[in-house]
Amino acid sequence: MAGIKEDQWFKRRYTPVNPVEDKEATCIDDESLTIHESASSEKDADSSTLINAFELIGMSSSLDLSGFFEKEDVSERRMRFTSHHSPKELMERIEDIVTQMGFVVQKRNGKLKVVELHKDRNSPVNLSVAAEVFEISPSLYLVEVRKSCGDAKLYRQLCEKLSHDLGVPRSQKLLNTEFLV
Amino acid sequence: MGCFQSKSKKDYPGHEDPVVLASQTAFSVSEVEALYELYKSISSSVIDDGLINKEELQLALFKNSKRENLFANRIFELFDVKRKGVIDFGDFVRSLNVFHPNASQEDKINFSFTLYDMDDTGFIERQEVKQMVIALLCESGMKLADEIIEMILDKTFLEVDVNHDGKIDKTEWLNFVTKNPSLLKIMTLPYLRDITTTFPSFVFNSEVDEIAT
(Lines give C-alpha, C1' and ligand atoms only; values in the text may rest on other atoms or scores of the structure.)
Protein backbone atom coordinates (compact mmCIF):
# COMPACT_ATOMS: atom_id res chain seq x y z
CA MET A 1 0.00 0.00 0.00
CA ALA A 2 2.77 2.38 0.98
CA GLY A 3 4.58 1.45 -2.20
CA ILE A 4 1.57 2.32 -4.30
CA LYS A 5 1.20 5.65 -2.56
CA GLU A 6 4.79 6.52 -3.39
CA ASP A 7 4.31 5.87 -7.07
CA GLN A 8 4.11 8.88 -9.40
CA TRP A 9 1.04 7.48 -11.14
CA PHE A 10 -0.86 7.36 -7.88
CA LYS A 11 0.14 10.82 -6.81
CA ARG A 12 -1.06 12.34 -10.03
CA ARG A 13 -4.76 11.91 -9.35
CA TYR A 14 -5.10 11.06 -5.72
CA THR A 15 -6.19 13.62 -3.17
CA PRO A 16 -5.50 12.26 0.29
CA VAL A 17 -8.45 12.43 2.63
CA ASN A 18 -6.92 13.63 5.81
CA PRO A 19 -9.70 14.39 8.29
CA VAL A 20 -7.88 17.28 9.91
CA GLU A 21 -6.62 18.85 6.73
CA ASP A 22 -9.86 18.21 5.00
CA LYS A 23 -11.81 20.21 7.51
CA GLU A 24 -9.55 23.15 6.96
CA ALA A 25 -9.51 22.80 3.21
CA THR A 26 -13.24 22.42 2.80
CA CYS A 27 -14.25 24.90 5.44
CA ILE A 28 -17.67 26.00 4.39
CA ASP A 29 -17.75 29.64 5.20
CA ASP A 30 -21.30 30.75 5.82
CA GLU A 31 -20.33 34.23 4.76
CA SER A 32 -19.59 33.01 1.29
CA LEU A 33 -22.99 31.48 0.82
CA THR A 34 -25.03 34.28 2.25
CA ILE A 35 -26.89 35.64 -0.71
CA HIS A 36 -27.53 39.31 -1.19
CA GLU A 37 -25.98 40.62 2.00
CA SER A 38 -25.69 44.17 0.73
CA ALA A 39 -29.45 44.50 0.34
CA SER A 40 -30.16 43.91 4.00
CA SER A 41 -28.91 47.36 4.89
CA GLU A 42 -31.45 47.74 7.66
CA LYS A 43 -29.84 44.95 9.56
CA ASP A 44 -27.08 46.43 11.60
CA ALA A 45 -25.54 45.27 14.83
CA ASP A 46 -28.10 47.10 16.91
CA SER A 47 -31.33 45.94 15.38
CA SER A 48 -32.83 42.91 13.78
CA THR A 49 -36.05 42.75 11.85
CA LEU A 50 -38.92 40.60 12.99
CA ILE A 51 -38.41 37.06 11.85
CA ASN A 52 -40.82 35.63 9.35
CA ALA A 53 -42.23 32.12 9.49
CA PHE A 54 -40.08 30.81 6.64
CA GLU A 55 -36.86 32.10 8.17
CA LEU A 56 -37.78 30.12 11.26
CA ILE A 57 -38.76 27.03 9.31
CA GLY A 58 -35.58 27.18 7.25
CA MET A 59 -33.60 26.74 10.46
CA SER A 60 -34.73 23.17 10.82
CA SER A 61 -31.88 20.69 10.94
CA SER A 62 -34.04 18.40 8.88
CA LEU A 63 -33.86 20.84 6.00
CA ASP A 64 -30.11 21.05 6.28
CA LEU A 65 -28.71 18.58 3.78
CA SER A 66 -25.15 19.33 4.80
CA GLY A 67 -25.58 16.22 6.93
CA PHE A 68 -24.65 14.23 3.82
CA PHE A 69 -21.18 15.72 3.93
CA GLU A 70 -20.53 16.34 7.58
CA LYS A 71 -19.39 13.60 9.93
CA GLU A 72 -20.79 15.22 13.03
CA ASP A 73 -24.43 15.41 13.87
CA VAL A 74 -25.86 18.86 13.32
CA SER A 75 -26.32 19.33 17.07
CA GLU A 76 -22.54 19.39 17.31
CA ARG A 77 -22.33 22.17 14.77
CA ARG A 78 -25.21 24.41 15.69
CA MET A 79 -26.82 25.76 18.83
CA ARG A 80 -29.93 27.82 19.24
CA PHE A 81 -31.61 29.40 22.19
CA THR A 82 -34.05 32.16 22.98
CA SER A 83 -33.34 35.15 25.14
CA HIS A 84 -35.05 38.24 26.42
CA HIS A 85 -31.91 40.34 26.17
CA SER A 86 -31.82 42.83 23.35
CA PRO A 87 -29.81 41.97 20.24
CA LYS A 88 -27.32 44.70 21.06
CA GLU A 89 -26.82 43.34 24.55
CA LEU A 90 -26.59 39.78 23.28
CA MET A 91 -24.00 40.60 20.67
CA GLU A 92 -21.95 42.57 23.18
CA ARG A 93 -22.09 39.75 25.68
CA ILE A 94 -21.14 37.16 23.10
CA GLU A 95 -18.31 39.35 21.93
CA ASP A 96 -17.01 39.76 25.50
CA ILE A 97 -17.19 36.07 26.25
CA VAL A 98 -15.44 34.97 23.10
CA THR A 99 -12.75 37.62 23.33
CA GLN A 100 -12.03 36.46 26.87
CA MET A 101 -11.62 32.96 25.55
CA GLY A 102 -8.94 34.18 23.20
CA PHE A 103 -10.91 34.39 20.00
CA VAL A 104 -10.90 37.13 17.42
CA VAL A 105 -14.24 38.66 16.46
CA GLN A 106 -15.42 40.13 13.17
CA LYS A 107 -18.74 41.91 12.87
CA ARG A 108 -20.71 42.28 9.68
CA ASN A 109 -24.38 42.87 8.84
CA GLY A 110 -25.70 42.07 12.28
CA LYS A 111 -23.73 38.86 12.39
CA LEU A 112 -20.75 38.09 14.50
CA LYS A 113 -17.99 35.85 13.27
CA VAL A 114 -15.66 34.19 15.72
CA VAL A 115 -12.28 32.98 14.62
CA GLU A 116 -9.58 31.42 16.71
CA LEU A 117 -6.10 31.76 15.36
CA HIS A 118 -4.36 28.49 15.71
CA LYS A 119 -1.10 28.62 17.54
CA ASP A 120 0.93 25.98 15.79
CA ARG A 121 2.28 24.95 12.42
CA ASN A 122 0.63 25.86 9.20
CA SER A 123 -3.07 25.79 10.09
CA PRO A 124 -4.08 29.41 10.42
CA VAL A 125 -7.62 28.83 11.67
CA ASN A 126 -8.75 26.30 14.20
CA LEU A 127 -12.33 27.31 14.71
CA SER A 128 -14.74 29.45 12.78
CA VAL A 129 -18.11 30.23 14.31
CA ALA A 130 -20.89 32.62 13.37
CA ALA A 131 -23.51 34.05 15.71
CA GLU A 132 -26.75 35.68 14.66
CA VAL A 133 -29.71 37.18 16.49
CA PHE A 134 -33.29 37.10 15.19
CA GLU A 135 -36.30 38.89 16.60
CA ILE A 136 -39.31 36.72 17.32
CA SER A 137 -41.25 39.39 19.19
CA PRO A 138 -40.23 42.78 20.64
CA SER A 139 -39.04 41.09 23.82
CA LEU A 140 -37.99 37.70 22.57
CA TYR A 141 -34.97 36.90 20.48
CA LEU A 142 -33.51 33.81 18.95
CA VAL A 143 -29.78 33.34 18.94
CA GLU A 144 -28.08 30.96 16.61
CA VAL A 145 -24.45 29.94 16.96
CA ARG A 146 -23.06 27.93 14.03
CA LYS A 147 -19.71 26.28 13.54
CA SER A 148 -18.57 26.56 9.95
CA CYS A 149 -15.41 24.56 10.57
CA GLY A 150 -12.90 23.65 13.21
CA ASP A 151 -12.37 21.77 16.40
CA ALA A 152 -15.53 20.22 17.83
CA LYS A 153 -14.27 20.24 21.40
CA LEU A 154 -13.43 23.93 21.25
CA TYR A 155 -16.84 24.67 19.81
CA ARG A 156 -18.53 22.76 22.61
CA GLN A 157 -16.56 24.73 25.19
CA LEU A 158 -17.63 27.95 23.54
CA CYS A 159 -21.29 26.88 23.55
CA GLU A 160 -21.15 25.79 27.18
CA LYS A 161 -19.74 29.12 28.20
CA LEU A 162 -22.28 31.05 26.15
CA SER A 163 -25.19 29.02 27.53
CA HIS A 164 -23.98 29.47 31.04
CA ASP A 165 -23.28 33.19 30.81
CA LEU A 166 -26.41 34.06 28.89
CA GLY A 167 -28.65 32.08 31.19
CA VAL A 168 -30.01 29.55 28.73
CA PRO A 169 -32.84 27.63 30.40
CA ARG A 170 -32.29 23.95 31.07
CA SER A 171 -34.95 22.67 28.67
CA GLN A 172 -33.27 24.33 25.71
CA LYS A 173 -29.84 23.37 26.92
CA LEU A 174 -30.84 19.72 27.05
CA LEU A 175 -31.81 19.58 23.45
CA ASN A 176 -28.84 21.54 22.26
CA THR A 177 -26.23 19.78 24.26
CA GLU A 178 -27.15 16.16 23.74
CA PHE A 179 -23.69 15.66 22.38
CA LEU A 180 -22.14 16.56 25.71
CA VAL A 181 -23.58 13.49 27.39
CA MET B 1 -7.00 3.14 -18.88
CA GLY B 2 -10.51 2.61 -20.12
CA CYS B 3 -13.04 5.13 -21.21
CA PHE B 4 -16.17 6.07 -19.31
CA GLN B 5 -18.44 3.89 -21.40
CA SER B 6 -16.57 0.69 -20.61
CA LYS B 7 -16.60 1.38 -16.88
CA SER B 8 -20.19 2.41 -16.49
CA LYS B 9 -21.94 -0.89 -17.07
CA LYS B 10 -19.72 -2.77 -14.66
CA ASP B 11 -19.52 -0.17 -11.90
CA TYR B 12 -23.04 1.16 -11.94
CA PRO B 13 -25.15 -1.99 -12.06
CA GLY B 14 -28.78 -1.14 -12.57
CA HIS B 15 -28.12 2.58 -12.44
CA GLU B 16 -28.06 5.32 -15.00
CA ASP B 17 -24.90 6.06 -16.90
CA PRO B 18 -22.87 8.84 -15.23
CA VAL B 19 -22.25 10.41 -18.61
CA VAL B 20 -25.98 10.79 -19.16
CA LEU B 21 -26.53 12.15 -15.67
CA ALA B 22 -23.68 14.62 -16.10
CA SER B 23 -25.14 15.87 -19.36
CA GLN B 24 -28.46 16.57 -17.64
CA THR B 25 -27.12 18.23 -14.52
CA ALA B 26 -24.59 20.81 -13.33
CA PHE B 27 -22.22 17.99 -12.35
CA SER B 28 -19.26 16.83 -14.39
CA VAL B 29 -18.82 13.11 -15.03
CA SER B 30 -16.16 12.93 -12.28
CA GLU B 31 -18.51 14.64 -9.90
CA VAL B 32 -21.31 12.21 -10.68
CA GLU B 33 -18.84 9.40 -10.07
CA ALA B 34 -17.86 10.97 -6.75
CA LEU B 35 -21.55 11.25 -5.87
CA TYR B 36 -21.78 7.55 -6.52
CA GLU B 37 -19.31 6.95 -3.70
CA LEU B 38 -21.61 8.91 -1.39
CA TYR B 39 -24.64 7.12 -2.77
CA LYS B 40 -23.10 3.70 -2.22
CA SER B 41 -22.36 4.38 1.43
CA ILE B 42 -25.86 5.69 2.08
CA SER B 43 -27.72 3.02 0.15
CA SER B 44 -25.93 0.16 1.87
CA SER B 45 -26.16 1.45 5.42
CA VAL B 46 -29.31 -0.40 6.47
CA ILE B 47 -30.22 -2.70 3.58
CA ASP B 48 -27.55 -3.39 1.01
CA ASP B 49 -29.80 -3.26 -2.02
CA GLY B 50 -28.29 -0.39 -3.96
CA LEU B 51 -31.24 1.86 -3.18
CA ILE B 52 -31.87 4.49 -0.53
CA ASN B 53 -34.89 3.93 1.67
CA LYS B 54 -36.28 6.43 4.15
CA GLU B 55 -34.36 5.05 7.12
CA GLU B 56 -31.08 5.24 5.23
CA LEU B 57 -31.73 8.83 4.23
CA GLN B 58 -32.45 9.78 7.82
CA LEU B 59 -29.31 8.04 8.96
CA ALA B 60 -27.21 9.88 6.38
CA LEU B 61 -28.62 13.28 7.24
CA PHE B 62 -29.09 13.08 10.97
CA LYS B 63 -26.70 10.25 11.91
CA ASN B 64 -29.82 8.89 13.55
CA SER B 65 -32.32 6.76 11.69
CA LYS B 66 -35.04 7.37 14.24
CA ARG B 67 -35.29 11.10 13.71
CA GLU B 68 -38.36 11.01 11.57
CA ASN B 69 -40.29 14.23 11.21
CA LEU B 70 -42.37 16.40 8.93
CA PHE B 71 -39.43 17.81 7.01
CA ALA B 72 -37.43 14.60 6.74
CA ASN B 73 -40.47 12.87 5.29
CA ARG B 74 -41.02 15.63 2.78
CA ILE B 75 -37.37 15.65 1.72
CA PHE B 76 -37.59 11.93 1.14
CA GLU B 77 -40.76 12.35 -0.93
CA LEU B 78 -39.10 14.97 -3.09
CA PHE B 79 -35.95 12.93 -3.65
CA ASP B 80 -38.10 9.89 -4.46
CA VAL B 81 -38.80 11.39 -7.85
CA LYS B 82 -40.57 8.36 -9.32
CA ARG B 83 -42.61 7.78 -6.14
CA LYS B 84 -41.35 4.24 -5.77
CA GLY B 85 -40.72 4.47 -2.03
CA VAL B 86 -36.97 4.32 -2.66
CA ILE B 87 -34.42 6.71 -4.09
CA ASP B 88 -32.26 5.39 -6.93
CA PHE B 89 -29.01 6.89 -8.11
CA GLY B 90 -30.60 8.92 -10.88
CA ASP B 91 -33.13 10.39 -8.43
CA PHE B 92 -30.30 11.15 -6.04
CA VAL B 93 -28.16 13.00 -8.56
CA ARG B 94 -31.04 14.91 -10.10
CA SER B 95 -32.34 15.99 -6.70
CA LEU B 96 -28.94 17.05 -5.43
CA ASN B 97 -28.46 18.94 -8.66
CA VAL B 98 -31.02 21.49 -7.50
CA PHE B 99 -28.76 22.21 -4.51
CA HIS B 100 -25.69 22.80 -6.63
CA PRO B 101 -24.42 26.40 -6.36
CA ASN B 102 -24.74 26.66 -10.16
CA ALA B 103 -28.29 25.34 -10.39
CA SER B 104 -30.85 27.85 -11.57
CA GLN B 105 -32.72 30.04 -9.12
CA GLU B 106 -35.89 28.92 -10.81
CA ASP B 107 -35.22 25.27 -9.95
CA LYS B 108 -34.43 26.20 -6.38
CA ILE B 109 -37.54 28.30 -6.05
CA ASN B 110 -39.72 25.53 -7.48
CA PHE B 111 -38.16 22.90 -5.25
CA SER B 112 -38.63 25.00 -2.12
CA PHE B 113 -42.24 25.69 -3.01
CA THR B 114 -42.95 21.99 -3.46
CA LEU B 115 -41.08 21.27 -0.26
CA TYR B 116 -43.28 23.52 1.82
CA ASP B 117 -46.46 22.49 0.04
CA MET B 118 -46.57 19.48 2.31
CA ASP B 119 -49.88 18.08 1.11
CA ASP B 120 -49.21 18.74 -2.57
CA THR B 121 -52.20 20.97 -3.19
CA GLY B 122 -50.29 23.47 -5.28
CA PHE B 123 -50.58 26.02 -2.49
CA ILE B 124 -48.81 26.60 0.78
CA GLU B 125 -51.69 26.99 3.20
CA ARG B 126 -51.50 28.95 6.44
CA GLN B 127 -52.19 25.83 8.45
CA GLU B 128 -49.25 24.08 6.79
CA VAL B 129 -46.95 26.95 7.66
CA LYS B 130 -48.17 26.86 11.24
CA GLN B 131 -47.48 23.12 11.40
CA MET B 132 -43.98 23.66 10.11
CA VAL B 133 -43.25 26.48 12.55
CA ILE B 134 -44.44 24.31 15.43
CA ALA B 135 -42.27 21.45 14.19
CA LEU B 136 -39.24 23.71 14.16
CA LEU B 137 -39.93 25.03 17.64
CA CYS B 138 -40.37 21.50 18.91
CA GLU B 139 -37.12 20.41 17.34
CA SER B 140 -35.26 23.32 18.94
CA GLY B 141 -36.76 22.78 22.36
CA MET B 142 -38.43 26.17 22.22
CA LYS B 143 -41.92 26.95 23.41
CA LEU B 144 -43.80 29.94 22.13
CA ALA B 145 -47.27 31.07 23.09
CA ASP B 146 -49.87 30.50 20.41
CA GLU B 147 -50.44 34.27 20.15
CA ILE B 148 -46.81 34.77 19.25
CA ILE B 149 -46.91 32.05 16.61
CA GLU B 150 -50.07 33.60 15.19
CA MET B 151 -48.37 36.99 15.17
CA ILE B 152 -45.42 35.60 13.24
CA LEU B 153 -47.82 34.00 10.76
CA ASP B 154 -49.81 37.21 10.43
CA LYS B 155 -46.72 39.20 9.66
CA THR B 156 -45.50 36.60 7.18
CA PHE B 157 -48.79 36.29 5.37
CA LEU B 158 -49.23 40.04 5.24
CA GLU B 159 -46.05 40.16 3.23
CA VAL B 160 -46.39 37.07 1.07
CA ASP B 161 -50.13 36.48 0.60
CA VAL B 162 -50.77 39.37 -1.73
CA ASN B 163 -54.29 38.34 -2.74
CA HIS B 164 -55.25 37.59 0.87
CA ASP B 165 -56.73 34.18 0.24
CA GLY B 166 -55.01 32.60 3.21
CA LYS B 167 -52.62 30.59 1.09
CA ILE B 168 -49.47 31.12 -0.92
CA ASP B 169 -49.46 30.31 -4.61
CA LYS B 170 -46.40 29.84 -6.81
CA THR B 171 -46.32 33.42 -8.02
CA GLU B 172 -46.60 34.85 -4.51
CA TRP B 173 -43.81 32.52 -3.42
CA LEU B 174 -41.63 33.56 -6.34
CA ASN B 175 -42.06 37.24 -5.51
CA PHE B 176 -41.49 36.64 -1.82
CA VAL B 177 -38.22 34.76 -2.17
CA THR B 178 -36.99 37.21 -4.76
CA LYS B 179 -37.37 39.91 -2.13
CA ASN B 180 -35.94 37.67 0.60
CA PRO B 181 -33.20 35.64 -1.08
CA SER B 182 -31.81 34.38 2.22
CA LEU B 183 -34.84 32.09 2.35
CA LEU B 184 -33.24 30.07 -0.40
CA LYS B 185 -30.06 29.53 1.57
CA ILE B 186 -31.21 26.02 2.43
CA MET B 187 -31.41 25.27 -1.27
CA THR B 188 -27.67 25.50 -1.86
CA LEU B 189 -24.99 23.11 -0.69
CA PRO B 190 -21.54 24.61 -1.26
CA TYR B 191 -20.11 21.15 -0.55
CA LEU B 192 -21.25 20.10 -3.99
CA ARG B 193 -18.56 22.26 -5.56
CA ASP B 194 -15.81 20.24 -3.89
CA ILE B 195 -17.41 16.84 -4.20
CA THR B 196 -14.45 15.22 -5.92
CA THR B 197 -12.20 16.29 -3.03
CA THR B 198 -14.59 15.09 -0.35
CA PHE B 199 -14.99 11.71 -1.96
CA PRO B 200 -11.66 10.47 -3.28
CA SER B 201 -11.24 9.64 -6.90
CA PHE B 202 -13.24 6.65 -8.06
CA VAL B 203 -10.60 6.19 -10.77
CA PHE B 204 -8.25 4.68 -8.26
CA ASN B 205 -10.91 2.22 -7.11
CA SER B 206 -11.85 0.96 -10.53
CA GLU B 207 -8.20 0.60 -11.61
CA VAL B 208 -7.69 -1.63 -8.61
CA ASP B 209 -10.71 -3.73 -9.59
CA GLU B 210 -9.25 -4.30 -13.04
CA ILE B 211 -5.90 -5.33 -11.58
CA ALA B 212 -7.61 -7.73 -9.19
CA THR B 213 -9.48 -9.49 -11.98
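What counts and how
Residues numbered from 1 in each chain as written. Chains lettered and ligands numbered in written order. Predicted model: local features only at pLDDT ≥ 70, side-chain atom pairs only at ≥ 80, totals over all residues. Heavy atoms only, no water. UniProt positions renumbered as here; feature names shortened; annotations may be inferred. Helix = DSSP H or I, 4+ residues; strand = E, 2+ residues; numbered from the N terminus. Salt bridge = Lys/Arg side-chain N within 4 Å of Asp/Glu carboxyl O. Buried < 20%, exposed > 50% of the residue type's maximum accessible area, 1.4 Å probe, protein only. Expected span 1.5 Å × (residues − 1). Arc of directions from axis to C-beta. Lys, Arg positive; Asp, Glu negative; His and termini not counted. Polar contact = N/O pair within 3.5 Å; in protein donor to acceptor, adjacent residues only side chain to side chain. Contact = heavy atoms within 4.5 Å. Pairing = 2+ DSSP bridges. Phe/Tyr/Trp six-rings, centres within 6.5 Å; stacked < 30°, edge-to-face > 60°. Lys NZ or Arg CZ within 6 Å of the ring centre and 35° of its normal.

**Thoughts on the UniProt feature "domain: EF-hand" (unreviewed entry) in chain B**
Okay, step 1: Per the UniProt record, "domain: EF-hand" (unreviewed entry) is found at residues 67-102, 104-139 and 148-183 of chain B.
Okay, step 2: Its end C-alpha atoms 21 Å apart, residues 148-183 of chain B is made of 64% helix and 6% strand.

**A closer look at the pattern of salt bridges**
Okay, step 1: Under the defined criterion, the tally for this structure stands at 19 salt bridges over all chains.
Okay, step 2: Between R78 of chain A and D64 of chain A there is a salt bridge, with the nearest N and O atoms lying 3.8 Å from each other. Of the two residues, R78 of chain A is situated in strand β1 (residues 78-83) and D64 of chain A in the loop between α5 (53-57) and β1; the sequence distance between them amounts to 14 residues. When sorted by exposure, R78 of chain A lands in the same class as D64 of chain A, which is buried.
Okay, step 3: Residue D88 of chain B pairs with K82 of chain B through a salt bridge whose shortest N-O separation is 2.8 Å.
Okay, step 4: Given a relative accessible area of 41%, K82 of chain B falls into the partly exposed group.
Okay, step 5: Among the ionic contacts, a cluster of salt bridges with common partners joins R126, K130, D146, E150 and D154 of chain B.

**Details of helix α6 (residues 87-100) of chain A**
All names here are of chain A.
Okay, step 1: Here α6 spans 20 Å end to end across 14 residues, near enough to the 20 Å set by a 1.5 Å rise per residue.
Okay, step 2: Where α6 is concerned, the buried positions are P87, L90, M91, I94, I97 and V98. The buried residues of α6 occupy one face: seen down the axis, they fall within an arc of 130°.
Okay, step 3: The first or second residue beyond α6 is G102, which carries a positive phi of 95°.

**Points about the side chain of E172 of chain B**
Residues and elements named next belong to chain B.
Okay, step 1: Checked against the element boundaries, E172 lands in helix α10 (residues 170-179).
Okay, step 2: Here E172 is buried and forms no salt bridge, its nearest opposite-charge partner K167 lying at an N-O distance of 9.1 Å.
Okay, step 3: A polar atom in the side chain of E172 sits 3.1 Å from the backbone nitrogen of N163.
Okay, step 4: With sequence-adjacent residues up to four places away left out, E172 is seen in contact with V160, D161, V162, N163 and K167.

**Observations regarding the pairing of β1 of chain A**
Residue and element names in this part refer to chain A.
Okay, step 1: Burial of β1 is extensive: 6 of the 6 residues sit out of reach of the surface.
Okay, step 2: Across the two faces of β1 the burial is the same, with R78, R80 and T82 and M79, F81 and S83 all buried.
Okay, step 3: Across 6 bridges, β1 lies against strand β5 (residues 140-150) in antiparallel orientation. Bridge pairing links M79 to V145 in β5.

**Topic: the packing of aromatic side chains**
Okay, step 1: Scanning all chains against the criterion turns up 15 aromatic pairs over all chains.
Okay, step 2: Taking the centre distance of 5.3 Å and the plane angle of 50° together, the rings of F54 of chain A and Y116 of chain B count as tilted. Taken as a pair, F54 of chain A in helix α5 and Y116 of chain B in helix α7 (residues 105-116) lie in two separate chains rather than in one. The same class applies to F54 of chain A and to Y116 of chain B, which are both buried.
Okay, step 3: Note on F69 of chain A and Y191 of chain B: the rings are 5.1 Å apart at their centroids and 15° apart in plane angle, and the pair reads as stacked. With F69 of chain A in the loop between α5 and β1 and Y191 of chain B in the loop between α10 and α11 (195-198), this residue pair bridges two chains. Just as F69 of chain A is buried, Y191 of chain B falls in that class too.
Okay, step 4: Here a set of aromatic residues connected by ring pairs shows up, and it is made of F68 and F69 of chain A together with Y36, Y39, F79, F89, F92, F99, F111 and Y191 of chain B.
Okay, step 5: Sitting over the face of the ring of F157 of chain B, R126 of chain B holds its NZ or CZ atom 5.7 Å from the ring centroid.

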